[in-house]
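Take a look at the letters that make up each chain.
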Amino acid sequence: MTKLEFNLLESETKIILESLIEKEARMVEICHKSDDEDQIADVGNDLIELRLLLKDLKEKAILLFGESVLEFSTDSL
């Protein structure tokens, strides 16, 4: 199996994690609201793969950067 490997800064990792988490939420919403069984099956399969990727990425990011890597607030400090 061919792999893509690259290094990310903490800020870049946060952007990717936040995007994947938002994508996961949209996919879950489609699965809950859609009446199209084919769409639900397709999105559901992709959701499984996304969750596996997200789990691995979260674990590695937390080990490297700490729990703060999962804090995405854009509120002013």
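Residues numbered from 1 in each chain as written. Predicted model: local features only at pLDDT ≥ 70, side-chain atom pairs only at ≥ 80, totals over all residues. Heavy atoms only, no water.

1. Section: a nonpolar patch on the surface
Argument step 1. Taken together, the side chains of L4, F6 and I16 define a hydrophobic patch exposed on the protein surface, amounting to about 330 Å² of accessible area.
Argument step 2. Checked against the element boundaries, F6 lands in the segment before α1 (10-33). (Patch = residues over 30% accessible without salt bridge, like charges linked within 9 Å, V, L, I, M, F, W, Y side chains within 5 Å. Areas by Shrake-Rupley, 256 points an atom, 1.4 Å probe, with all protein chains shown as cover. Salt bridge = Lys/Arg side-chain N within 4 Å of Asp/Glu carboxyl O. Helix = DSSP H or I, 4+ residues; strand = E, 2+ residues; numbered from the N terminus.)

2. Considerations on the packing of α1 against helix α2 (residues 37-65)
Argument step 1. Put simply, α1 and α2 touch, their axes get as near as 9 Å, and they point 155° apart. With respect to their mutual orientation, α1 and α2 come out roughly antiparallel. In this structure, the crossing between α1 and α2 has a hand that is left-handed.
Argument step 2. Its residues assigned to classes, the contact of α1 with α2 shows 17 nonpolar, 3 polar and 6 charged. (Axes fitted to C-alpha atoms, helices over the stretch in contact; angles between N-to-C directions. Parallel < 35°, antiparallel > 145°, perpendicular 65-115°, else oblique. Left-handed = near helix turned anticlockwise from the far one by under 90°. Nonpolar A, V, L, I, M, F, W, Y, C, P; charged D, E, K, R; others polar.)

3. Focus: the side chain of S34
Argument step 1. As for its position among the elements, S34 is in the loop between α1 and α2.
Argument step 2. Residue classification places S34 among the buried positions, given a relative accessible area of 16%.
Argument step 3. Side-chain polar atoms of S34 contact the backbone nitrogen of D36, separated by 3.0 Å.
Argument step 4. Ignoring any residue separated from it by four or fewer positions in sequence, one finds S34 in contact with Q39 and I40. (Buried < 20%, exposed > 50% of the residue type's maximum accessible area, 1.4 Å probe, protein only. Polar contact = N/O pair within 3.5 Å; in protein donor to acceptor, adjacent residues only side chain to side chain. Contact = heavy atoms within 4.5 Å.)

4. Structural notes on the environment of L70
Argument step 1. Within the secondary structure, L70 is located in the segment after α2.
Argument step 2. Of the residues examined, L70 reaches a relative accessible area of 26% and is grouped as partly exposed.
Argument step 3. Between the C-alpha atoms of L70 and K58, which are 12 residues apart in sequence, the distance is 7.9 Å.
Argument step 4. Non-local contacts of L70, meaning those with residues more than four positions away in its chain, are made with L17, K58 and I62.

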